[in-house]
Amino acid sequence: MSDQFISIYQSGEEQLLEKAVKDGAETMWDRKAAQKTPCGFGEKGVCCRICAMGPCRVSPVAGKGAQKGICGATADVIVARNYARMVAAGTAAHSDHARDIAHILHMASRDGNYKVRDEKKLMSLAKEWGVNTENRDIYEIAHEVAEIALNEFGKPFGTLKFLERAPELRQKVWEDLQIKPRAIDREIATILHSTHVGCTGDAESLVHMSMRTSLADGWGGSMIGTEFSDIIFGTPVPRETEANLGVLDEKQVNIILHGHEPSLSEMIVMASLDPEMQKLAKEVGAEGINLAGMCCTGNEVTMRHGVKIAGNFYQQEMAILTGAVEAIIVDVQCIFPALAKLSDCYHTKFITTSPKAKITGATHIEFHEDNAMESAKNIVKEAIENFKNRKNEKVFIPEIKSNAVVGYSVEAVIKQLDKVVNPHIDPMGTVKPLADVIKAGVLRGAVGIVGCNNPKSKHDYSHIEIMKKLIANDVIVVTTGCAAQAAAKAGLLTKDARKLAGQGLATVCELVDIPPVLHMGSCVDISRILTIVGEVAKHLGIDNSDLPVAGIAPEWMSEKAVAIATYVISSGIDTFLGITPPVTGSDEVVDILTNRVENMTGAKFFIEEDPHALADKVLGRIEEKRQKLGI
Ligand code: SF4
Ligand code: SF4
């Protein structure tokens, strides 16, 4: 099924790229060609420009060429410093996103635009954080919880609250290694301090610091982002949707939501349902308003509302090339600045909304949370009015789309698992059934496949090939980010896809009524994966690192992905990268990441660019873990 599908959608993309040439539109492929051969120093991570004595570039080969920068920094130090700064940037991106969500909970009110939609989740978090809930108004509780979360960013003492959700054995590992993050912003600032010229000059210390900072992302920023988004916008439940560029509709006003923060996209969803907006769409000659998501904002709104998925990272330009998009509305992260010039070739309005991400050439309509609905309506109106400018002769929507089931939050997964619980014998609402099938070997293990697209790899190819191989070998796959959208497009998020699974996994999918690949949300929602892995480990009385689980980023590209990979390792879960990170200029850093770190956290990095070989390595490692555990 997915083989045939992937070739159909690749032919759709080829047609769009041909159209780009015809329309005189520049795409990332033109820019990639213009880059010619990438700089070998940058590729290996051995260039440094953090002070004005430089830039310096050192030889990645020991004993040959310049061995040190002007200050004396070696390749090991330069590579580790660059790596640490990637982790800091990735952590900053997720955490600043989370900070905004926490602010939104702080301003939520019964009659405002932002409300508490999952009271149960709020109450359980309040209890976890020791907030008094007796005889108090739900909004009073929400505001106190939000204030505690906001303090997590800069509190002067203690360590992050969510760390206590991890299995005790894991917390002990962090304690022993002294990598328990203190406050989120503090860890980011400390990395920037320590990587300043003339500060930390030791590769292992820099990796160590990177681990602590990355944990401030996974168990801090990202977890706050996910938990608070669920409280404000609702915890996802399974629902059906469609994915790929074929979800665009010739007869409707097509609006693409791209970026990350649900505070904007949720309001756009609500605004587009407003009768006034629907009426306006009819007045301009459209049949209605068709919203479609892209990248993580797409994941957020599909998880909670079933909004169709237009595509993933690589497809942001493709969507505009269809000539059928009235507006691409963006907030922050993963947005090509190139969209401004590309939109000029069509009638598409490229609308930026965040003061954190203004882009030259875009139409900037600032989104104000304190006036969210009106702000969102203004943006939607701009899109609707642009329908009149669509040039029909330039419209080409490839007929490619696929059905998908999305919405597998931890709560939703546990609810599905309850289907196979005998309440007279076992408690409901736990991960026991999952732990049982893993222990019994019906499922060999569980793997999280996450991350981006990267032009170094054929679009989505690695994502799909790896997923197919793992499910065929009875490994259940959970997925987020652009990897999840790849799975959706390839039909792997359907219950029907259990035909591609091995017998054990297919049986589990049938009994529990789930697809073999579960969409767990956006990139910040990888914290959901941390939670479920932690719950299984706690249930079995072991550490995360003992479990037959792994994380894979087959086509990663962003600094956020580096932060994610680092917190996954630090959480005791092996991580497999399908794109080589810029660290190969230092044998020491490579040795730390792919070898020595295992003695610290119980997990390590594997780097393998061939997706089939990568899947084999994952399967091998899972069996190794099973053997060690005696299951
Ligand atoms: S910090 Fe050292 S290696 Fe980096 S640019 Fe300055 S002198 Fe060169
Ligand atoms: S998976 Fe990567 S490309 Fe996609 S939204 Fe997340 S960081 Fe951006």
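Numbering of residues starts from 1 in each chain and follows the order in which that chain's sequence is written. Chain labels run from A onward and ligand labels from 1 onward, assigned in the order the entries are written. Note on the predicted model: pLDDT of at least 70 is required for a residue's local features to be given, and 80 or more for side-chain atom pairs to be given and counted; whole-chain, interface and lining totals, by contrast, use all residues. The side-chain numbers reported here are obtained from all heavy atoms of the structure, hydrogens and water having been left aside.

Per an unreviewed UniProt entry, the protein chain carries the name Carbon monoxide dehydrogenase and comes from Geosporobacter ferrireducens. UniProt positions are given in the numbering used here, feature names are shortened, and annotations may be inferred rather than shown by experiment. UniProt, in the comment section headed Subunit (unreviewed entry), describes the protein chain in these words: "Homodimer."

Asks: Please clarify how the nonpolar core should be interpreted in this entry.
Replies: The tendency in soluble globular proteins is for nonpolar side chains to be buried as a group. Definition used in this section: a nonpolar core is a set of buried Ala, Val, Leu, Ile, Met, Phe, Trp, Tyr and Cys residues joined via side-chain atoms within 4.5 Å. Buried residues are those whose accessible area, probed at 1.4 Å on protein chains only, stays under 20% of the maximum for their type, while exposed residues exceed 50% and partly exposed ones sit between those limits. Ranked by size, the top nonpolar core spans 183 residues in total, and within it Leu105, Phe228 and Leu470 carry the most contacts. In this description a helix means any DSSP run of H or I spanning at least four residues, a strand means any run of E spanning at least two, and both kinds are numbered starting from the N terminus. At 15 residues, the largest contribution of residues to this core is made by helix 4 (residues 75–107). With sequence-adjacent residues up to four places away left out, Phe228 is seen in contact with Ile101, Ala102, Leu105, Leu125, Trp129, Val145, Ala146 and Ala149. In this structure, Ala310, Ala324, Ile328 and Ile335 belong to the second largest nonpolar core, which totals 35 residues. Only heavy atoms enter the contact rule, under which two residues are in contact if any of them lie within 4.5 Å.

Asks: Looking at this structure, I do not really get the site of ligand 2. What am I missing?
Replies: By convention in this text, a residue qualifies as near a molecule or strand provided that one of its non-hydrogen atoms is within 4 Å of it. Around ligand 2, the structure places His260, Cys295, Cys296, Phe313, Cys334, Gly451, Cys452, Cys482, Cys523, Met557, Ser558 and Lys560. Here the nonpolar group is Ala, Val, Leu, Ile, Met, Phe, Trp, Tyr, Cys and Pro; Asp, Glu, Lys and Arg are the charged ones; every other residue, Gly included, is treated as polar. Its residues assigned to classes, the shell around ligand 2 comprises eight nonpolar, three polar and one charged. Looking at which domains feed residues into the shell around ligand 2, each of domain 2 (245–394) and domain 3 (407–629) supplies at least three. Domain extents, as shown, originate in an automatic or database domain assignment.

Asks: Honestly, helix 24 (residues 611–629) in this entry has me stumped. Any pointers?
Replies: Residues separated by three or four positions in an α-helix point in the same direction, a consequence of the helix having 3.6 residues per turn. Across its 19 residues, helix 24 extends 27 Å between first and last C-alpha, which sits within 8% of the 27 Å expected from 1.5 Å per residue. Listed in full, the buried residues belonging to helix 24 are Pro611, Leu614, Ala615, Val618, Leu619, Arg621, Ile622, Lys625 and Arg626. The arc that holds the buried residues of helix 24, viewed along the axis, is 165°, so those residues lie on one side. Relative to its buried face, helix 24 has exposed residues pointing more than 90 degrees away, namely Gln627 and Lys628. Note on helix 24: the residue one or two positions beyond its end, Gly630, has a positive phi of about 75°. By this rule, a helix spans an expected 1.5 Å times one less than how many residues it contains. Here the arc refers to the set of directions running from the helix axis out to each C-beta atom.

Asks: Quick question: what am I supposed to make of the site of ligand 1 here?
Replies: Near ligand 1 you find Cys48, Ile50, Cys51, Met53, Gly54, Cys56, Gly69, Ile70, Cys71, Ile78, Arg81 and Val197, and these make up its full shell. Residues that form the shell around ligand 1 fall into these classes: nine nonpolar, two polar and one charged.

Asks: Can you walk me through the UniProt feature "binding site: [Ni-4Fe-4S] cluster" (unreviewed entry) in the protein chain in this structure?
Replies: The UniProt feature table records "binding site: [Ni-4Fe-4S] cluster" (unreviewed entry) at His260, Cys296, Cys334, Cys452, Cys482 and Cys523. Maximum C-alpha separation among the annotated residues is 13.3 Å over a sequence range of 264 residues, consistent with a single clustered spot. Along the polypeptide, Cys452 turns up in the loop between strand 11 (445–449) and helix 18 (461–472). Those residues within four positions of Cys452 in sequence are excluded, and the remaining contacts are His463, Cys482, Glu555, Trp556, Met557, Ser558 and Ala561. Mapped onto the elements, Cys482 comes out in helix 19 (residues 481–489). With relative accessibility at 6%, the residue Cys482 sits in the buried group. Non-local contacts of Cys482, meaning those with residues more than four positions away in its chain, are made with Cys295, Asn299, Asn312, Phe313, Gly451 and Cys452.

Asks: I tried to follow the packing of helix 4 against helix 22 (residues 559–570) on my own but got confused; where do I start?
Replies: A pair of packed helices is characterised by two quantities: the angle between their axes and the separation of those axes. Helix axes are fitted only over the stretch in contact, all axes being lines through C-alpha atoms; the angle between N-to-C directions runs from 0 to 180 degrees. Closest axis-to-axis distance for the helix 4/helix 22 pair is 7 Å, and the angle between their directions is 100°. When the axes of helix 4 and helix 22 are compared, the pair comes out roughly perpendicular. On helix 22, the residues touching Tyr83, Met86, Val87, Ala89, Gly90, Thr91, Ala93 and His94 of helix 4 are Glu559, Lys560, Val562, Ala563, Ile564 and Thr566. The residue inventory of the contact of helix 4 with helix 22, partitioned by class, reads eight nonpolar, four polar and two charged. Put simply, angles under 35 degrees are roughly parallel, angles over 145 are roughly antiparallel, angles from 65 to 115 are roughly perpendicular, and the rest are oblique.

Asks: Help me understand the packing of aromatic side chains, please; the structure alone is not making it clear to me.
Replies: Remark: the centre distance and the inter-plane angle together describe each pair of aromatic rings, the angle taken between the planes. Only Phe, Tyr and Trp rings take part, Trp by its six-membered ring, and two of them pair if their centres are within 6.5 Å. Stacked means planes under 30 degrees apart, edge-to-face means over 60, and tilted covers everything else. Per the stated rule, a full pass over the model turns up seven aromatic pairs. With 6.1 Å between their ring centres and 75° between their planes, Tyr114 and Phe233 make a pair best called edge-to-face. Here Phe233 lies in helix 9 (residues 203–233) and Tyr114 lies in the loop between helix 4 and helix 5 (119–128), a separation of 119 residues in the sequence. On the basis of relative accessible area, Phe233 is assigned to the buried category, the value being 8%.

Asks: Looking at this model, I keep getting lost on the sheet that holds strand 15 (residues 574–577). Mind explaining?
Replies: With parallel pairing, six strands are arranged side by side in an open sheet as 13-12-11-14-15-16. What marks the edges here is a single partner per strand, and that holds for strand 13 (517–521) and strand 16 (605–607). Neighbour-to-neighbour, the strand axes of this sheet turn through a mean angle of 25°, independent of strand direction. When DSSP finds two or more bridges between two strands, those strands count as paired. Two elements, strand 15 and strand 16, share three bridges in a ladder whose sense is parallel. Bridging across to strand 16, Leu577 finds its partner in Ile607. Together, strand 11, strand 12 (475–480), strand 13 and strand 14 (549–553) form the strand contacts of helix 18, whose direction differs from that of strand 12 by roughly 150°.

Asks: Honestly, the environment of Ala338 in this entry has me stumped. Any pointers?
Replies: With respect to the helices, strands and loops of the structure, Ala338 is situated in the loop between strand 7 (327–330) and helix 14 (339–344). Here the alpha-carbon distance between Ala338 and Thr360, two residues 22 residues apart in the chain, equals 9.5 Å. Setting aside chain neighbours within four positions, we find Ala338 in contact with Arg31 and Glu317.

Asks: Even after reading the chapter, I still don't get unusual backbone geometry, so can you show me in this structure?
Replies: Outside of glycine, negative phi angles account for most residues, and trans bonds account for most peptide bonds. Between Gly54 and the following residue, Pro55, the backbone shows a cis peptide bond with an omega angle of 5°. Along the polypeptide, Pro55 turns up in the loop between strand 1 (47–48) and strand 2 (56–57). For Asn244, which is not a glycine, the phi torsion comes out positive at approximately 110°. Mapped onto the secondary structure, Asn244 falls in the loop between strand 3 (239–243) and strand 4 (253–258). The backbone of Asp474 sits at a positive phi, close to 60°, despite the residue not being glycine. By secondary structure assignment, the location of Asp474 is in the loop between helix 18 and strand 12.

Asks: Sorry if this is basic, but what is going on with the domain arrangement of the protein chain here?
Replies: Interface size is commonly expressed as the accessible surface area that is lost when the partners come together. Taken domain by domain, the protein chain comprises domain 1 (74–233), domain 2 (245–394) and domain 3 (407–629). The centre of domain 1, based on its C-alpha atoms, is set 30 Å off from the matching centre of domain 2. Opposite the 14 residues of domain 1 that make contact, domain 2 presents 16 residues. Here domain 1 meets domain 2 over a buried area of about 1,200 Å², counting both sides, of which 55% is carbon and sulfur. The buried area of a pairing is the accessible area, by a 1.4 Å probe, that goes missing from both parts when the two are put together, added over both. By the criterion of area lost to domain 2, the three top residues of domain 1 are His97, Asn113 and Phe233, representing 42% of everything that side buries. Take a side-chain nitrogen of Lys or Arg and a carboxyl oxygen of Asp or Glu: if they are within 4 Å of each other, that pair is a salt bridge. Across the contact surface, domain 1 and domain 2 share three salt bridges. Between Lys356 and Asp100 there is a salt bridge, with the nearest N and O atoms lying 2.6 Å from each other. In protein, a polar contact requires one atom able to donate a hydrogen and another able to accept it; more generally it is a pair of N or O atoms within 3.5 Å, and residues adjacent in sequence count only if both atoms are side-chain atoms. On the surface where domain 1 and domain 2 come into contact, there are seven residue pairs in polar contact (both at pLDDT 80 or more). Take the side of domain 1 that touches domain 2: its biggest share by element is eight residues, from helix 4. In terms of residue class, the side of domain 1 that touches domain 2 is built from six nonpolar, five polar and three charged.

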